[in-house]
Amino acid sequence: MQEKAHKSEREKDVGVYVHVPFCARICPYCDFAVEPAPELLRDPAAEVFRDREDRTVSALIAELEARRPDFAGRRLSTLYFGGGTPGLLRADSLARLREAVGSAFPPLPKAESESGAAVEVTLEVNPSTLERDRLKAFAEQAGINRLSVGVQSFDDSTLKALGRAHRVDEIHRTLRAARAAGFENLSVDLMFAVLHQTPAMLEADLQAILAFGPEHVSTYELVHEPGTPFGRAAEAGQLDPFDEDGAADMLLRIESVLGGAGYERYELTNFAQPGRASRHNQRYWARQPVLAIGPGAHSTDPAGPGRPFGRRVGNEKSWSLWLERIEAGGALAPGTEEILDAGQARSEAFFLGLRTRAGVSAEDIQAEFGGRPRSFYPEAIERMVGAGLMVESVEGDLALTARGRLLADEVAAAFVAAEAPAR
Ligand code: SF4
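Residues numbered from 1 in each chain as written. Predicted model: local features only at pLDDT ≥ 70, side-chain atom pairs only at ≥ 80, totals over all residues. Heavy atoms only, no water.

Things to note about the overall build of the chain
When helices and strands are counted, the chain shows 18 helices and 16 strands. Scaling as 2.2 N^0.38, a compact globule of 423 residues should have a C-alpha radius of gyration of about 22 Å, and the chain matches this with 22 Å. A principal-axis box enclosing the C-alpha atoms of the chain has dimensions of 60 × 50 × 45 Å. Across the 423 residues of the chain, 53% fall into the buried class. Here the contacts in the chain between residues at least 6 apart in sequence split such that 70% fall between residues at least 24 apart. (Helix = DSSP H or I, 4+ residues; strand = E, 2+ residues; numbered from the N terminus. Rg over C-alpha atoms; globule rule 2.2 N^0.38 Å. Buried < 20%, exposed > 50% of the residue type's maximum accessible area, 1.4 Å probe, protein only. Contact = heavy atoms within 4.5 Å.)

Below, the structure is given as structure tokens:
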């Protein structure tokens, strides 16, 4: 079967992800690339942090300059400041980064953007006084037009057990301040299946969310990642895993409550009011190019010479090593590199596409890989449809059923396994 050019070749835009690793204190479940900045707890204007901040911003810009040729000719659709806690940066630092990204890539014309904003610019913030006081400047100086707030829970005992630095009153103050600063596109993070959390506690969290009415809700099941304090405690038998059925029931309840209030479950764990799905995150599920800079960041490079199905580049995770290498040579921090082959790209197209409400389009698969879904995975599709995990339209489009959404990992594994013998 003839392989066609990678889908990203038909697209002319790019998303940029900027990883800012600093956190005033590190949560015991965190598995991200983070760098403690405890000086901020004592003094928000700490000179030592100012130096680390300025060097990090300069290194991020140097990395952007070094990496941009791989994305040449593309227009900027989304910019996402994630972390870590990027809200700990000063507004002028974020403005420097915004300007550098804007100089590297011209904006996508408004007319081509579904949300009406030419570029969706998201900033992750945590509920803290330091960040709250800067919200207006973030919008005015750095052009941030979407905030993602690390709420996690509206229950103080849960926040304490999670080792979070904030409490519920800070959440309310931050959400109110965000609206007062003019943010009309707000997302909140909600954790579930957390330690001692009961269904009644989840219900209270959901009602608190509805009372505020953010445009977007991202949900996360607490995972005891190996190597984290929670992971080590779980390994030592000091922390019990959350009951699997209980966690699945909670996700169903989240869908039911948010769905009843008009939020669409547009991806397995993401909910949005109409037209407010995260443009940036959708790029990952659609396998569209994302240039990611900063420690631990992972890029999805478009197709190019010698890589017809694109490339994945992973950065060094340690902030100090990442910084040292860039400052030493002004070049890229070496990390991991994976050139995708047709089989990997194809299985990803299926299992990432199935995470979304829209599912997998047979026409897109035909255009990119030169065949209909059944021509690649007849057995997996037959089995998943037969088991009631997936539905197939007469055209061959595929989507998960409600049961399939509960067992999405099993469905994903079927497509990966189907490619495995071919390698
Ligand atoms: S605030 Fe977020 S990124 Fe920072 S340590 Fe906690 S979980 Fe990790």
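Further notes follow.
With respect to the domain arrangement of the chain
Taken domain by domain, the chain consists of domain 1 (7–284) and domain 2 (343–422). Each of domain 1 and domain 2 was reduced to a C-alpha centroid, and the two centroids are 29 Å apart. With twelve residues of domain 1 at the interface, the matching set in domain 2 holds ten residues. Summed over both partners, the interface of domain 1 with domain 2 buries about 1000 Å², with 54% contributed by carbon and sulfur atoms. The interface formed by domain 1 and domain 2 holds three salt bridges in total. With a closest N to O distance of 3.5 Å, R405 and E255 form a salt bridge. (Domains from an automatic or database assignment. Buried area = accessible area lost by both parts, 1.4 Å probe. Salt bridge = Lys/Arg side-chain N within 4 Å of Asp/Glu carboxyl O.)

Some points on the site of the ligand
With respect to spatial proximity, the complete set of residues near the ligand consists of C23, R25, I26, C27, Y29, C30, F32, V34, G84, N126 and R164. The residue inventory of the shell around the ligand, partitioned by class, reads seven nonpolar, two polar and two charged. (Near = heavy atom within 4 Å. Nonpolar A, V, L, I, M, F, W, Y, C, P; charged D, E, K, R; others polar.)

Observations regarding unusual backbone geometry
Most peptide bonds are trans, and most residues other than glycine sit at a negative phi. With an omega of 20°, the peptide bond between G83 and G84 qualifies as cis. Note that G84 resides in the loop between β4 (75–83) and α3 (91–104). With a phi angle near 75°, Q152 is a residue other than glycine that sits in the positive phi range. Residue L195 is not a glycine yet carries a positive backbone phi of 40°. Position of L195 among the secondary structure elements: in the loop between β7 (186–192) and α8 (199–212). A residue is classified by how much of its surface remains accessible, and L195, at 26% relative accessible area, is partly exposed.

As for the side chain of D205
Structurally, D205 can be placed in helix α8. The side chain of D205 is buried and forms no salt bridge, while R164, the nearest opposite charge, is found at 12 Å. Here F154 takes part through its backbone nitrogen, which lies 2.9 Å from a polar atom of the side chain of D205. Setting aside anything within four residues of it in sequence, one finds D205 in contact with Q152, S153, F154, D155, L190 and Q197. (Lys, Arg positive; Asp, Glu negative; His and termini not counted. Polar contact = N/O pair within 3.5 Å; in protein donor to acceptor, adjacent residues only side chain to side chain.)

Overview of α3
Look at α3: 20 Å from first C-alpha to last across 14 residues, which is about the 20 Å you get at 1.5 Å a residue. If you check which residues of α3 are buried, you get A91, S93, L94, A95, L97, A100, V101 and A104. Contacts from the buried residues of α3 go to β1 (13–20), α2 (47–67), β4, β5 (120–125) and α5 (135–142). (Expected span 1.5 Å × (residues − 1).)

A few points about the nonpolar core
In terms of nonpolar packing, the biggest core is built from 72 residues, with V18, F81, F105, I144, L147 and I254 touching the most fellow members. Per-element accounting of this core gives the leading share, seven residues, to α3. In contact with F81, not counting residues within four places along its chain, are V18, P86, L94, L97, R98, V121, T122, L123, E124 and I144. Listed in part, the 24 residues of the second largest apolar core include L340, L354, I381 and L389. (Core = buried A, V, L, I, M, F, W, Y, C linked by side-chain atoms within 4.5 Å.)

Structural notes on the pairing of β4
Of all nine residues that make up β4, eight are buried, and the element is covered over most of its length. As paired strands, β4 and β5 are joined by four bridges and run parallel to one another. In the strand pairing of β5, L79 is matched with V121. (Pairing = 2+ DSSP bridges.)

Here's the deal with the environment of L195
Considering only alpha carbons, one finds L195 and G275, 80 residues apart in sequence, at a separation of 34 Å. Each residue touching L195, except ones within four places of it in the same chain, is listed here: A161, L162, L222, H224, F230, L239 and F242.

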